[in-house]
Amino acid sequence: MKIVVFVNHVPDTETKVKIGADGVSIEPTGVNYMLSPYDEFAVEEALKTKQKFGGEVAAVSLGGDANKETLRKALAMGCDKAVLLKDASVRDSFGVAKGLADFAKEYGADIIFAGKQSIDYDSAQVGGLVGELLGIPSVSVVVKLDIADGVATAEREIEGGHVIVHVKLPAVIIAQKGLNEPRYPSLKGIMDAKRKPIEEKIPAPVEPRVITTAMYLPPAKSAGKIVGTDAAAAVELVRLLHEEAKVI
Amino acid sequence: MKILAFAEQRSSQFKKTAFEVVKAAKTIGDQLNAEVIALVVGDKVQSIAPQLGGYGAAKVITVENEKLEKYSTTAYSKVIAETAKKEGAEILLLPASAMGKDAAPRVAIKLEAGLVSDCTALTVENGTIKAARPVFAGKGFAELIVATKIKMFTLRPNVFSAGKSDGSSAPVESFSVDISDVDMGSYVKDVKHTGGRKDVAEADIIVAGGRGLKSAENFAMIEELADLLDGAIGASRAVVDAGWRSIDEQVGQTGKTVAPSLYIAVGISGAVQHLAGMSSSKYIVAINKDKEAPIFSVADYGIVGDAFEVVPALTAEIKKLMGK
Ligand SMILES: Cc1cc2nc3c(=O)[nH]c(=O)nc-3n(C[C@H](O)[C@H](O)[C@H](O)COP(=O)(O)OP(=O)(O)OC[C@H]3O[C@@H](n4cnc5c(N)ncnc54)[C@H](O)[C@@H]3O)c2cc1C
Ligand SMILES: Nc1ncnc2c1ncn2[C@@H]1O[C@H](COP(=O)(O)O)[C@@H](O)[C@H]1O
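Residues numbered from 1 in each chain as written. Chains lettered and ligands numbered in written order. Predicted model: local features only at pLDDT ≥ 70, side-chain atom pairs only at ≥ 80, totals over all residues. Heavy atoms only, no water.

## A closer look at the site of ligand 2
Residues and elements named next belong to chain A.
- Neighbouring ligand 2 are 17 residues; D39, L62, S118, A124 and Q125 lie closest to it.
- A distance of 2.9 Å separates an oxygen atom of ligand 2 from a polar backbone atom of F6.
- S118 places a main-chain nitrogen or oxygen 2.7 Å from an oxygen atom of ligand 2.
- Compared with its free state, where it exposes 480 Å², ligand 2 has 95% of that area covered by protein.
- Elements that contribute at least two residues to the shell around ligand 2 include exactly β4 (56–63), α3 (93–107) and β6 (111–115). (Near = heavy atom within 4 Å. Polar contact = N/O pair within 3.5 Å; in protein donor to acceptor, adjacent residues only side chain to side chain. Areas by Shrake-Rupley, 256 points an atom, 1.4 Å probe, with all protein chains shown as cover. Helix = DSSP H or I, 4+ residues; strand = E, 2+ residues; numbered from the N terminus.)

Right under this line is the structure:
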């Protein structure tokens, strides 16, 4: 089975956001980057799928040279192959999806794994965009997956419950937390990853469909009111919620 | 110009987001001189359709088919795209719900439209729609414009106010879309939650608990308070990882994004990843014994105290207010 997993390289969640000089991105100095957390679930599921059916797992990332660090992590976890679609410019979701879809098509993917969202821009678009670009099904927010006889049975989260969807492969499976417990790279995996090559390709250029015109910090919230320091404060709190906030 | 507003329904009942999306379409439509057309997709939705007029729809299009009773990615995205084409809609608004987030990217490709997801504000400046949305887990905001002819936006639930219906009803037109060529995916079952409590992503009031509650059993007082307020239960990742609460209740970056009118955080420290999921709540109450806990920096009202004393007192006081 030819398995593809999309991995994105994003600022870690503890990053203190500072707006960059261009006013439309964040200041990258001092920021630590990592494999986007949802993509860890995607990588784990890709590896489990290979364990079951055999084949090859190719991790692919679109971005600048820095993304190689995340590709190495994917290799260290056990992916067989790493591909950098090299473009240092900031692409919108469509531009990223187009590059990734072109790769998956050329590679002949039997199944594609992506994360629910990149934790930088939180767009949650790429998996669905790729599915439609390739004309294959996509299933989002998947928390459980079973594959048999070329059909994936996926459980996805919706408000108030889960639904179970059957799709024929090839398909894009979009991972949500809960799908699995991502493995830690073994020491051997880390050592091997250092030696494995990272293939580079130049994705075709694409016109952006969405343009970021500004980035700014959230308006500072004035510190709230400390109503009290013991249970007696409950009386005043209820009054405020009822009369001032009018929410109860 | 026409704006197509996707009004989500399940079991022939509108989701609250349906009214929010139609009303938001009306608000920008008035500034762009555009007409709002609402779209309702499902089985037997004719009777609920006219009420969308009360929120600003000039017309409602229904696409009915028993195969559309349950959401299917391929079928719904085809229906939405075909309706937009038929109407010549240049702006499409959908909710950033599980359904909207799933369908929107696929519709965007079909319409060659730029898509901005999870918007928290839409404004019109010199005829251009500017969308604002949180990025980096709410630590920043981005302002975006769409460069394509057709423009799509999904709207974060509970953020855009639907207001009250003005009581008018809209004319309804039915439209049929051939979905025989579409792979429906088959839905084996709906796994519903027991107890009938609201889902955290949809509730108007959320009572959330964290590690400060010390054990799974101690969530009984959180459940009591949530039920009293007809709200949902939220959980921090720490308590989900500990197995005290189900992952469906997790709020935050790796959980759900919520924006209720009232969010009561009990024994939750307020880590950035938790704040990412709830900081757009209208009112935030924090109950924590550590006055330095970061949750207080986003709270409108705080009580620095022991949850085991404060929560029962709060529950008792609310019962009194409700005359229970
Ligand atoms: C990639 C990543 C993603 C993450 N995603 C999420 C996410 O989606 N959601 C999420 O919640 N977290 C997430 N986290 C985890 C997050 O960083 C925190 O670890 C977590 O939110 C802490 O949960 P907590 O507030 O319940 O526990 P703690 O941080 O341990 O806080 C417990 C609080 O309870 C208070 N307390 C103790 N006893 C009492 C008492 N008797 N009465 C009142 N207060 C008391 C303490 O003062 C403390 O503030 C993520 C982390 C990472 C790295
Ligand atoms: N630049 C990228 N390179 C590789 N995969 C990506 C990239 N951007 C997004 N993805 C994948 O698409 C998923 C959804 O991302 P997004 O739509 O950006 O929130 C991510 O979890 C990744 O699996």
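## What about the packing of aromatic side chains?
- In the structure shown here, the tally under the stated rule is eight aromatic pairs over all chains.
- Between A:Y216 and B:F141, the aromatic rings sit 5.9 Å apart at their centres with planes inclined by 10 degrees, giving stacked as the arrangement. Taken together, the positions of A:Y216 in strand β12 (residues 210–216) and B:F141 in strand β10 (residues 140–146) put the pair across two chains.
- Overall, B:F141 belongs to the buried group, its relative accessible area being 17%.
- The interplanar angle of 5 degrees and the centroid separation of 6.2 Å between the aromatic rings of B:Y283 and B:Y301 together place this pair among those described as stacked. Here the residue B:Y283 occupies a position in strand β17 (residues 283–288), and B:Y301 occupies one in strand β18 (residues 301–304), the gap between them amounting to 18 residues. (Phe/Tyr/Trp six-rings, centres within 6.5 Å; stacked < 30°, edge-to-face > 60°. Buried < 20%, exposed > 50% of the residue type's maximum accessible area, 1.4 Å probe, protein only.)

## Some words on the site of ligand 1
- Neighbouring ligand 1 are 28 residues, the closest being B:R211, B:S236, B:T254, B:S269 and B:Q273.
- Chains contributing residues near ligand 1 are chains A and B.
- When ligand 1 is considered free in solution it has 990 Å² of accessible area, and contact with the protein chains removes 80% of it.
- Elements with a minimum of two residues in the shell around ligand 1: α5 (237–241), α6 (272–278) and α7 (307–321) of chain B.

## Concerning the pairing of β17(B)
Residue and element names in this part refer to chain B.
- Most of β17 sits inside the fold, with five of its six residues counted as buried.
- Pairing geometry for strand β16 (residues 262–266) and β17, over five bridges, is parallel. Looking at β17, one finds that V266 is bridged to I287.
- Note that the unit made of β16, α6 and β17 has a crossover that is right-handed. (Pairing = 2+ DSSP bridges. Right-handed = clockwise from strand over helix to strand, strands pointing away.)

## Remarks on the domain arrangement of chain B
All names here are of chain B.
- Per the domain assignment, the segments of chain B are domain 1 (2–184) and domain 2 (205–322).
- Of note, the centres of domain 1 and domain 2, computed from C-alpha atoms alone, are 32 Å apart.
- Contacts between domain 1 and domain 2 engage six residues on the former and eight residues on the latter.
- Of all residues in domain 1, A137, R156 and N158 give up the largest surface area on contact with domain 2, accounting jointly for 70% of the area buried on that side.
- There are zero salt bridges connecting domain 1 and domain 2.
- In this structure, the connection of domain 1 to domain 2 is made through two residue pairs in polar contact (both at pLDDT 80 or more).
- Residues that form the side of domain 1 that touches domain 2 fall into these classes: three nonpolar, one polar and two charged. (Domains from an automatic or database assignment. Contact = heavy atoms within 4.5 Å. Buried area = accessible area lost by both parts, 1.4 Å probe. Salt bridge = Lys/Arg side-chain N within 4 Å of Asp/Glu carboxyl O. Nonpolar A, V, L, I, M, F, W, Y, C, P; charged D, E, K, R; others polar.)

## What about a nonpolar patch on the surface?
All names here are of chain A.
- On the surface, L187, I190 and M191 cluster together into a nonpolar patch covering about 290 Å² of accessible area.
- Relative to the helices and strands, I190 is located in helix α5 (residues 187–195).
- Looking at I190, the relative accessible area reads 35%, which means it is partly exposed. (Patch = residues over 30% accessible without salt bridge, like charges linked within 9 Å, V, L, I, M, F, W, Y side chains within 5 Å.)

## Focus: the packing of α3(A) against helix α4 (residues 126–134) of chain A
All names here are of chain A.
- Between α3 and α4, the least distance of the axes is 9 Å, while the angle of their chain directions is 50 degrees. As summarised for this structure, α3 and α4 are arranged oblique, according to the angle between their axes. Judged by the twist between their axes, the crossing of α3 over α4 is right-handed. Here α3 contributes S93, F94, V96, A97, K98, L100, A101, A104 and K105 to the contact with α4, which in turn contributes V126, L129, V130, L133 and L134.
- Residue composition of the contact of α3 with α4, grouped by class: 11 nonpolar, one polar and two charged. (Axes fitted to C-alpha atoms, helices over the stretch in contact; angles between N-to-C directions. Parallel < 35°, antiparallel > 145°, perpendicular 65-115°, else oblique. Left-handed = near helix turned anticlockwise from the far one by under 90°.)

## Describing the interface of chain A and chain B
- On the side of chain B, 85 residues touch chain A, which itself brings 73 residues to the contact.
- A buried area of about 6800 Å², summed over both sides, lies between chain A and chain B, and 58% of it is on carbon and sulfur atoms.
- On the chain A side of the interface with chain B, the three residues burying the most area are A:E159, A:K177 and A:R209, jointly 12% of the side's total.
- Where chain A packs against chain B, one counts five salt bridges.

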